[in-house]
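An overview of the molecular structure
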Amino acid sequence: HAKDNGRGCFAYFSEDLTIAVRERIALEVRLRKAIKQQELRVFYQPQMDIASGRIVGAEALVRWQDPVEGLIPPCRFIPIAEETNLIVEIGEWVLRETCRQGRQWLNMGLPPLTLAVNVSPHQFRRSDINALVATVLRDTGFPAGQLELEITESGLMENQDKTTNILNSLHAQGVHLAIDDFGTGYSSLTYLKHFPLDVLKIDKSFIDDIPHNKDDMEIAATIVAMGHILGFKVLAEGVETLEQLAFLQEQSCDLYQGYLKSHPLPADDFVALLQANDSSPKKPVESDR
Ligand code: C2E
Ligand code: MG
Ligand code: MG
Ligand code: MG
């Protein structure tokens, strides 16, 4: 019967929704508890200078160390955190923890590294991001010139005037600014030209199919050339093969990050990699031939 079908459908649909909502609320509750119980961790993925192969920085990437489930990746909780505004709290914690760690590494005598922290559009929209950064830098004693903030194109485009003001004040503090996932959002060259940006991060999706997809190769090459014209450094994300690295080197891309060198690592493992890398400096492409 149509009525039964309708009711069945409706009942099924509604039950499904309830489960989804219930799961979301449960996750939100767990996430709040996780923050309080200090279950969040920062992992560090090295960023290399392409010409020398040396590690010159790292991106800070958050993880959730759940006592039962183990390590939970950001794709499982960042979207919920964005919806519930918990991202503001998480983002502040990641910034503070990264700067604290960076200061400790300097105190240990490690060479100065650029540490890149992701800033969500929600966090960015709050006009006190400047005050937060100033406070964290002061509290931790981490040098502003070694901090890089990664913002996505969507985070930048919402309100031009406000964005320009925030970016200008961050820049005035000496903090570096990067556009994350470049090429996947909507950006206008005019705005890129006017914002005080330092780094364009080419999205991994343009790197994945190099050297098989000629379109992607041209796009990547064009982003490098354009970035250089605008005075930015260009970093390629998600580099997994030597072919990709060789291509980027030919294009004079400045920096790279990816599994080819390393996955994101806990702080201690990152330091071990840094020390192993530093004692045997070699060019990335030659060393593996
Ligand atoms: P993202 O900022 O674009 O970070 C790069 C992501 O690509 C990381 O995933 C990294 O592990 C992954 N990746 C790097 N190299 C490779 C590679 O060669 N192959 C592949 N397949 N993947 C690679 P992760 O750590 O899972 O983070 C995912 C996203 O979650 C990040 O993308 C970022 O948007 C978000 N996220 C992570 N930590 C934070 C945070 O502290 N705050 C905010 N707002 N977002 C964060
Ligand atoms: Mg990022
Ligand atoms: Mg990215
Ligand atoms: Mg991404």
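Because the structure is a prediction, the values reported are computed rather than measured. (Residues numbered from 1 in each chain as written. Chains lettered and ligands numbered in written order. Predicted model: local features only at pLDDT ≥ 70, side-chain atom pairs only at ≥ 80, totals over all residues. Heavy atoms only, no water.)

**Structural notes on the overall build of the chain**
Across its full length, the chain carries 12 helices and nine strands. Here the chain, with 289 residues, has 46% of them falling under the buried criterion. Surface accessibility of the chain: about 14700 Å² in total, with carbon and sulfur atoms responsible for 53%. (Helix = DSSP H or I, 4+ residues; strand = E, 2+ residues; numbered from the N terminus. Buried < 20%, exposed > 50% of the residue type's maximum accessible area, 1.4 Å probe, protein only. Areas by Shrake-Rupley, 256 points an atom, 1.4 Å probe, with all protein chains shown as cover.)

**Regarding the pairing of strand S6 (residues 176-182)**
Among the seven residues in S6, five count as buried, and that is most of the element. In terms of strand pairing, strand S5 (residues 147-152) meets S6 through five bridges, oriented parallel. Counted as the bridge partner of Thr-152 is Asp-180 from S6. Alignment of S6 against strand S7 (residues 199-202), held across three bridges, turns out to be parallel. Looking at S7, one finds that Phe-182 is bridged to Ile-202. Regarding topology, helix H8 (residues 189-194) serves as the crossover connection from S6 to the parallel S7, and that connection is right-handed. (Pairing = 2+ DSSP bridges. Right-handed = clockwise from strand over helix to strand, strands pointing away.)

**Details of the site of ligand 1**
Close contacts around ligand 1 come from 22 residues, with Arg-63, Asp-180, Lys-204, Glu-240 and Tyr-259 the closest. One nitrogen or oxygen atom from the side chain of Asn-118 is found 2.9 Å from an oxygen atom belonging to ligand 1. Here an oxygen atom of ligand 1 and a side-chain polar atom of Asp-181 are 3.1 Å apart. The protein chains hide 80% of the 800 Å² of surface that ligand 1 would expose on its own. At the level of secondary structure, the elements contributing two or more residues to the shell around ligand 1 comprise strand S2 (55-66), helix H2 (74-84), helix H3 (86-107) and S6. In terms of residue count, S2 provides more of the shell around ligand 1 than any other element does, four residues in total. Considered class by class, the residues forming the shell around ligand 1 number nine nonpolar, five polar and eight charged. (Near = heavy atom within 4 Å. Polar contact = N/O pair within 3.5 Å; in protein donor to acceptor, adjacent residues only side chain to side chain. Nonpolar A, V, L, I, M, F, W, Y, C, P; charged D, E, K, R; others polar.)

**Focus on the confidence of the model for the chain**
Overall, the prediction assigns the chain a mean pLDDT of 89, with 90% of residues at 70 or greater. Of the regions scoring below 50 in pLDDT, residues 1-12 engages in zero contacts with residues more than four places distant in sequence or in other chains. For this predicted complex, the interface confidence comes out at an ipTM of 0.97, alongside a pTM of 0.91. (pLDDT = per-residue confidence, 0-100. Contact = heavy atoms within 4.5 Å.)

**Some thoughts on the coordination of the magnesium ion (ligand 3)**
Coordination sphere of the magnesium ion (ligand 3), protein contribution only: Asp-180 (OD), Asp-181 (OD), Glu-237 (OE) and Glu-237 (OE), at 2.1 to 2.5 Å. The magnesium ion (ligand 2) is placed at 4.0 Å from the magnesium ion (ligand 3), the two being bridged by Asp-180. In this pair, Asp-181 sits in strand S6 while Glu-237 sits in the loop between strand S8 (233-236) and helix H10 (242-250), placing the two residues 56 residues apart along the sequence. A relative accessible area of 11% places Glu-237 in the buried class. (Donors = N, O, S within 2.8 Å, 3.2 Å for Na, K, Ca; no water.)

**Some remarks on the packing of aromatic side chains**
One pass over the full model with this rule turns up four aromatic pairs. Measuring from ring centre to ring centre gives 5.0 Å for Tyr-44 and Trp-105, while their planes differ by 65 degrees; the resulting arrangement is edge-to-face. Placement of Tyr-44 in strand S1 (residues 40-49) and of Trp-105 in helix H3 is noted, with a sequence separation of 61 residues between them. The pair Tyr-44 / Trp-105 is uniform in exposure class, with both members buried. Ring plane angle 90 degrees and centroid distance 5.8 Å describe the contact between Trp-64 and Phe-77, whose orientation is recorded as edge-to-face. Of the two residues, Trp-64 is situated in strand S2 and Phe-77 in helix H2; the sequence distance between them amounts to 13 residues. Among the aromatic side chains, those forming a connected cluster through ring pairs are Tyr-44, Trp-105 and Phe-270. (Phe/Tyr/Trp six-rings, centres within 6.5 Å; stacked < 30°, edge-to-face > 60°.)

**Describing the packing of H3 against helix H5 (residues 129-140)**
For the pair H3 and H5, interaxial distance at closest approach is 9 Å and the crossing angle is 30 degrees. Judged by the angle between their axes, H3 and H5 are roughly parallel. Helix-helix and strand crossings are classified by hand; for H3 and H5 the assignment is right-handed. Residue-level contacts link Glu-92, Leu-95, Arg-96, Cys-99, Arg-100 and Arg-103 of H3 to Leu-132, Val-133, Thr-135, Val-136, Leu-137, Asp-139 and Thr-140 of H5. For the contact of H3 with H5, the class distribution of residues is six nonpolar, two polar and five charged. (Axes fitted to C-alpha atoms, helices over the stretch in contact; angles between N-to-C directions. Parallel < 35°, antiparallel > 145°, perpendicular 65-115°, else oblique. Left-handed = near helix turned anticlockwise from the far one by under 90°.)

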